[in-house]
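What the coordinates show
So the chains spell out like this:
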Amino acid sequence: MKADVSMDDLVYPFGRQDADTPALEYAWLREHHPLARVTTTYGTDAWLVTGYETVRSILSDDRFSSRMPVTSGAEMPEPRDDPTRSLFNIDPPDHTRLRRVLAGAFTAAQIQQRRDAMTTLARGLVDELVETRSTADLITCFVVPFTTGVIWDLLAVPPNLRPDFAQWVLDHQAIREPSWDPNPDTNPVLINRISLRRHVEELIAARRDDLGDDVVSRLIKARDAGEIDDDADVVVQLTGLIIAAYEPAFNTLGLALLALLADPERLRSLRSRPEAVPAAIEELLRHLAPTDIGFVRVASEDVEIGTEKVHAGEILILSLESANHDENVFAAADRLVLDRSPNPHMAFGHGRHHCLGAPLARAELAVALTTIAERLPTLRLEVPPESVPRRTALAQLGPLELPVSW
């Protein structure tokens, strides 16, 4: 189904018919204007890129910068709270240097160690459910403690600091609407981010006396060796990493469970055919969008794309959700086909900013879904799928609750 779109009325992000269906404008734009000028709700103009091949090409093109555009006249945050310094928003050579520092934490051997710990965590959470109740909110009782537990294990957060990080998660989930208030004392988003930064600083201080091979220790060692510019950079990288690891994992796992529970045969299939899990995960990653906001790039020089000319300094928004539903690449793109092959989706991006934690994220999904399928064979939703409340704050699309029984 395609929308009847007027190019004069395009305001991004678009409205959605429902949380599970990409905005109808995407299909029309892919066919007629895969590179289109839009006005954003933030008050800026940008190029919106919707076609798979064009998105993929720009993500691997050095003429487009990942550095966040700065609004004219905006007050710059202090260095410890400046997201423009994070790994996700910088270009080579700084990006190359920082990525090299972190890459050792995501080797095959490291992921296997994490997988063993994830399996123990998932089984423990499910065993507690089975032993104590027959109904539950799967988000509260499994998705949140599992996804955050994986992150705290990755960072080797000591037990005495975990309650503070857990409270940050609760406060983060309580945010229901974005805020453009620039005051960090009254904007709930900024308050939450600064709270996380303070917890990160406590974690860094505690780790300095007990360095290991975890992500925090790697960054501290790199700072001491001069590979990282200053202490603020360590704080920014860790704060950004936690947000980038938590939000997509939380939303994607919740969406995956909802998609599987919406059709009980899907969960039964994974339980009876564990060899089908890897392909199913790739399709869930392609089909489900944890956020409605695309990647932002800035042209560093004039570039011709098709019949359009993008000028230096202009902003581009690359819609991965639209690219992953491009009918020219994915047959029956709007359908969830768990055995889809091939499946060259871009859920983790592409090019030099391809998600460093993608192997960990895949392992996390595999462990969670396999454990649920095996240990809760009669799991079912207690409400119709369309009635499940969604977390729409901050452009996130994951479920707020998953009431289930077994």
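Our subject in this report is the structure included herewith.

Cut-offs applied
Residues numbered from 1 in each chain as written. Predicted model: local features only at pLDDT ≥ 70, side-chain atom pairs only at ≥ 80, totals over all residues. Heavy atoms only, no water. Helix = DSSP H or I, 4+ residues; strand = E, 2+ residues; numbered from the N terminus. Rg over C-alpha atoms; globule rule 2.2 N^0.38 Å. Contact = heavy atoms within 4.5 Å. Areas by Shrake-Rupley, 256 points an atom, 1.4 Å probe, with all protein chains shown as cover. Lys, Arg positive; Asp, Glu negative; His and termini not counted. Charge placed at Lys NZ, Arg CZ, Asp CG, Glu CD. Salt bridge = Lys/Arg side-chain N within 4 Å of Asp/Glu carboxyl O. Buried < 20%, exposed > 50% of the residue type's maximum accessible area, 1.4 Å probe, protein only. Arc of directions from axis to C-beta. Pairing = 2+ DSSP bridges. Axes fitted to C-alpha atoms, helices over the stretch in contact; angles between N-to-C directions. Parallel < 35°, antiparallel > 145°, perpendicular 65-115°, else oblique. Left-handed = near helix turned anticlockwise from the far one by under 90°. Nonpolar A, V, L, I, M, F, W, Y, C, P; charged D, E, K, R; others polar. Core = buried A, V, L, I, M, F, W, Y, C linked by side-chain atoms within 4.5 Å.

This part covers the overall build of the protein. For the protein, the count of helices and strands is 13 helices and eleven strands. What you see for the protein is a C-alpha radius of gyration of 21 Å, in line with the 22 Å of a compact globule of 406 residues. Reported as C-alpha extents along the three principal axes, the dimensions of the protein are approximately 60 × 55 × 40 Å. A fraction of 68% describes how many contacts in the protein between residues 6 or more apart in sequence connect residues 24 or more apart. Surface summary for the protein: the accessible area is close to 18400 Å², and the carbon and sulfur share equals 51%. Positive and negative side-chain charges of the protein, numbering 41 and 62 respectively, have mean locations separated by a distance of 5 Å.

Quick look at the pattern of salt bridges now. Applying the stated criterion across every chain yields a total of 29 salt bridges. Here Asp61 and Arg63 are joined by a salt bridge, their closest N and O atoms 2.8 Å apart.

Tracing the sequence through the fold places Leu190 in helix α7 (residues 188-207). Under the relative-accessibility criterion, Leu190 is labelled partly exposed at 29%. Residues Leu190 and Gly240 lie 50 residues apart in sequence; the distance between their C-alpha atoms is 13 Å. When near neighbours in sequence (up to four residues on either side) are disregarded, Leu190 contacts Asp181, Pro182, Asn183 and Pro184.

With that settled, consider helix α2 (residues 52-59). Of all the residues in α2, the buried ones are Tyr52, Val55, Ile58 and Leu59. On an axial view of α2, the arc spanned by its buried residues comes to 140 degrees, and they lie on one face. Tucked inside the fold, the buried residues of α2 contact β3 (45-49), β4 (64-65), β6 (295-299), β7 (303-305), β9 (315-318) and α12 (320-323).

Whether parallel or antiparallel, the strands of a sheet pair through hydrogen bonds between backbone atoms. In space, the three strands of this open sheet follow the order β5-β11-β10, with antiparallel pairing throughout. Where the open sheet ends on each side, the last strands, each with one partner, are β5 (135-137) and β10 (380-381). Across two bridges, the pairing between β10 and strand β11 (residues 403-405) is antiparallel. Across the sheet, the residue bridging to Leu381 is Val404, located in β11. Of the strands in this sheet, β5 and β11 touch helix α5 (residues 138-154), which is tilted by about 55 degrees from β5.

Closest axis-to-axis distance for the helix α4 (residues 108-132)/α5 pair is 10 Å, and the angle between their directions is 155 degrees. Taken together, the axes of α4 and α5 lie roughly antiparallel to each other. Judged by the twist between their axes, the crossing of α4 over α5 is right-handed. Across the interface between the two elements, Arg114, Ala117, Met118, Leu121, Ala122, Leu125, Val126 and Leu129 of α4 pack against Leu138, Cys141, Phe142, Pro145, Phe146, Gly149, Val150, Asp153 and Leu154 of α5. Looking at side-chain class alone, the contact of α4 with α5 contains 14 nonpolar, one polar and two charged residues.

Note on placement: Leu336 falls in the loop between α12 and α13 (358-375). For the pair Leu336 and Glu283, spaced 53 residues apart in sequence, the C-alpha separation works out to 6.9 Å. In this view, Leu336 contacts Ala259, Arg266, Glu283, Leu284 and His287; residues no more than four positions away in its chain are not counted.

General note: in soluble globular proteins, nonpolar side chains tend to be found buried as a group. Core analysis: the biggest nonpolar cluster contains 86 residues, and Phe142, Phe146 and Leu155 have the highest contact counts within it. Take this core: its biggest share by element is 16 residues, from helix α9 (residues 231-262). If sequence neighbours within four positions are ignored, Leu155 has contacts with Leu203, Arg207, Asp214, Val215, Val216, Leu238, Leu241 and Ile242. Counting residues in each nonpolar core, the second largest holds 19 residues, with Trp47, Tyr52, Ala299 and Leu320 among its members.

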